[in-house]
Amino acid sequence: MTIDSDILKNEEKISFALRSLYHRKGYAPYRMGKFEDYELYVKNKDFLPTSELISFTDTNGRLKALKPDVTLSIVRSARPEAGKVQKLYYDENVYRVSESSRCFKEIRQAGLECIGDVNEDLLAEVLGLARESLRLISDGSVLSVSHLGIVGGVLDAVRLEPDARRQALGFIAGKNLHELGALLRENGAEKEAAERLLTLAACSGAPAEVLGRLRALACPQQALSELERLIAKLGEDGLRLDFSILGDMRYYNGIAFQGYVPGVPSGVLSGGQYDRLLHRMGKAGGAIGFACYLDKLERLEVKGHA
Amino acid sequence: MLNIALPKGRLGEKVLGMFERAGFECPAIHEENRRLFFENEALGLRYFWVKPSDVSIYVERGAADIGVAGKDILLEYAPDVYELLDLNVGRCRMCVAGPKSYRDDLGRTLRVATKFSNIASRYYSSLGRDIDIIPLNGSIELAPILGLSDVIVDIVETGTTLKENDLAVLETIVPISARLIANKASFVFHKTRIEALVRALAQEVET
């Protein structure tokens, strides 16, 4: 059977290219049903980008929901064994409320997850695959990388109350240095620690340049070294560092990243390490993964792959 | 080409002046005509005027790389954009206002008339106060006078309208001013230009 690639939609072409890439790299396909136990999402509702779910009662009386996310299901079914890692990829529809229309929307996502013994080589492999995925989508793509260990450490040093800390994280994510500065002053943050946080929040750009600035900043050493080694392994091409990329630190830790392609106004790929989610779900080990938002690519001119 | 969305009106004119003094001028914008956008090809800039409350939508969706929006709009709609600079113009306050003699009756649901229902809801929920939002689009001050609401949540600049209608500011929620915002993907792809613009504009900000 041959398929005429002209009839394929953008997101289909990209989905095939991504699946083929992950398959070649030794990842196994993960297939899930449309429905999942409602309880799974309620227990981890802050992990989800949406608080609304499409729920219904199954014939056996169990409360179910149309899946708003794939990662939680993968983590739930994972059986991490010491010294081993499970590598999975998926291409699934998820159901979320659209920010603009406030209605439920079907969103197609492709991505991969690694669960188990996640070491530095694997972190580099996943970051490399994220960069490669973006390249399949478009020329001129960029993967922005951050390290929550660095942001968390520098933020801890200013010692804010939980409320102020939450606000500070919001300002860092929005590159809002003027309000971050005011917040730190109002909360009587120690001057040197506050300066360090403001400098970090302003740091973004080519890895070599940003790493140079970070070395002068007295950042958490272990996290900084890890980031340096990862960049050295991957090479700088197509990467930039940006510490406005954060995830909810109750679930995420370590590396976090966001991918952009020219012509799409928001991130088309997002991912990171989520050991803490694993631990919250009572599992040992580490985890890292990412998702590509195929629905955002509908209007993008696709490169000549079929 | 860097696309810049400016808010139509007095505030926009003031902000344009700041951009021009910072070295990002666009002579075409001062010509008398009915064009909707204005280019300075040499500098690679394109300006356009849009309704102030729409600026954040243009920027969030990438039709504009950067723009200038009031903090009130950013707080109300929480667009997914970077907020890079406080331009410190268009200064005013988001306030709770009501009849001068108003005393809150904690035994009843507070009726709040406002254009900013998200800001009002968040503020009162932080106080643990149960409220009923009455969404209005203009002449908010009329609501407590006619008994449509107990108080209003609105922007107060000089307070003259309030005073002339026997109303007063009861509480200040947050100070407001114009902010420079940027699309997140544009910031990645035009970082050098946007950061140069932020640095130059910062010099023009009066404190």
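Everything quoted here is computed from the prediction, not taken from an experiment.

(A) The overall build of chain A, seen in detail. Each helix and strand in chain A was counted, giving eleven helices and twelve strands. Radius of gyration (C-alpha) of chain A: 20 Å, near the 19 Å computed for a compact globule of 306 residues. Viewed in the frame of its principal axes, chain A has a C-alpha envelope of about 65 × 50 × 45 Å. Within chain A, the fraction of its 306 residues that count as buried is 53%. By sequence separation, contacts in chain A at least 24 residues apart represent 70% of the contacts at least 6 residues apart. For chain A, the computed accessible surface area is about 14200 Å², with 48% contributed by carbon and sulfur atoms. On chain A, the mean spot of the 41 positive side-chain charges and the mean spot of the 42 negative ones are 2 Å from each other.

(B) Region of the structure containing the nonpolar core. Counting 72 residues, the largest nonpolar core has Leu214, Phe243, Phe257 and Phe290 of chain A as the members making the most contacts within it. If one sorts the elements of this core by residue count, helix H4 (residues 120-137) of chain A sits on top with nine residues. Leu2, Ala22, Leu84 and Leu201 of chain B belong to the second largest nonpolar core, which has 32 residues in total.

(C) Spotlight on the interface of chain B and chain A. On the chain A side, the residues contacting the 19 residues of chain B number 21 residues. Interface area for chain B against chain A, summed over the two sides, is near 1400 Å², with a carbon-plus-sulfur share of 55%. By the criterion of area lost to chain A, the three top residues of chain B are Tyr82, Val188 and Phe189 of chain B, representing 36% of everything that side buries. With a shortest N-O distance of 2.8 Å, Lys71 of chain B and Glu179 of chain A are connected by a salt bridge. Joining chain B to chain A, the criterion identifies eight residue pairs in polar contact (both at pLDDT 80 or more). Mapped onto the side of chain B that touches chain A, the elements with two or more residues apiece are strand S5 (82-86), helix H7 (184-189) and helix H8 (191-204) of chain B.

(D) Expanded view of the sheet that holds strand S11 (residues 269-273) of chain A. Residues and elements named next belong to chain A. Judged by pairing direction, the sheet is mixed, and its nine strands sit side by side in the order S1-S5-S6-S12-S11-S10-S7-S9-S8 without closing on themselves. Unpaired on one side and paired on the other, strand S1 (28-29) and strand S8 (204-205) mark the two borders of the sheet. One ladder, built from three bridges, connects strand S7 (residues 142-147) with strand S9 (residues 239-242); its direction is parallel. Bridged to Leu143 within S9 is Leu239.

(E) Fine view of the pairing of strand S11 (residues 178-182) of chain B. All names here are of chain B. Taking burial as the measure, the five residues of S11 include five buried ones, the bulk of the element. Along S11, one buried face is formed by Ala178, Leu180 and Ala182 and the opposite face, lined by Arg179 and Ile181, is buried too. The sheet contact formed by S5 and S11 spans four bridges and is antiparallel. Across the sheet, residue Glu83 finds its bridge partner in S11, namely Ile181.

(F) Expanded view of unusual backbone geometry. We note that Ala218 of chain A has phi near 55°; this positive angle belongs to a residue other than glycine. For Ala218 of chain A, the location among the structural elements is in the loop between helix H9 (207-215) and helix H10 (221-234). For Asp166 of chain B, which is not glycine, the phi dihedral falls at a positive 60°. For Asp166 of chain B, the position within the fold is in the loop between helix H6 (160-164) and strand S10 (167-176). Residue Asp166 of chain B is classed as exposed on the basis of its relative accessible area of 51%.

(G) Inspection of the side chain of Asn176 of chain A at higher detail. If you trace the backbone, Asn176 of chain A turns up in the loop between helix H6 (162-173) and helix H7 (177-186). Using a relative accessible area of 3% as the deciding quantity, one classes Asn176 of chain A as buried. A polar atom in the side chain of Asn176 of chain A sits 2.9 Å from the side chain of His178 of chain A. The residues contacting Asn176 of chain A, other than those within four sequence positions of it, are Phe171 of chain A together with Lys71 and Glu83 of chain B.

What counts and how
- Residues numbered from 1 in each chain as written.
- Chains lettered and ligands numbered in written order.
- Predicted model: local features only at pLDDT ≥ 70, side-chain atom pairs only at ≥ 80, totals over all residues.
- Heavy atoms only, no water.
- Helix = DSSP H or I, 4+ residues; strand = E, 2+ residues; numbered from the N terminus.
- Rg over C-alpha atoms; globule rule 2.2 N^0.38 Å.
- Buried < 20%, exposed > 50% of the residue type's maximum accessible area, 1.4 Å probe, protein only.
- Contact = heavy atoms within 4.5 Å.
- Areas by Shrake-Rupley, 256 points an atom, 1.4 Å probe, with all protein chains shown as cover.
- Lys, Arg positive; Asp, Glu negative; His and termini not counted.
- Charge placed at Lys NZ, Arg CZ, Asp CG, Glu CD.
- Core = buried A, V, L, I, M, F, W, Y, C linked by side-chain atoms within 4.5 Å.
- Buried area = accessible area lost by both parts, 1.4 Å probe.
- Salt bridge = Lys/Arg side-chain N within 4 Å of Asp/Glu carboxyl O.
- Polar contact = N/O pair within 3.5 Å; in protein donor to acceptor, adjacent residues only side chain to side chain.
- Pairing = 2+ DSSP bridges.

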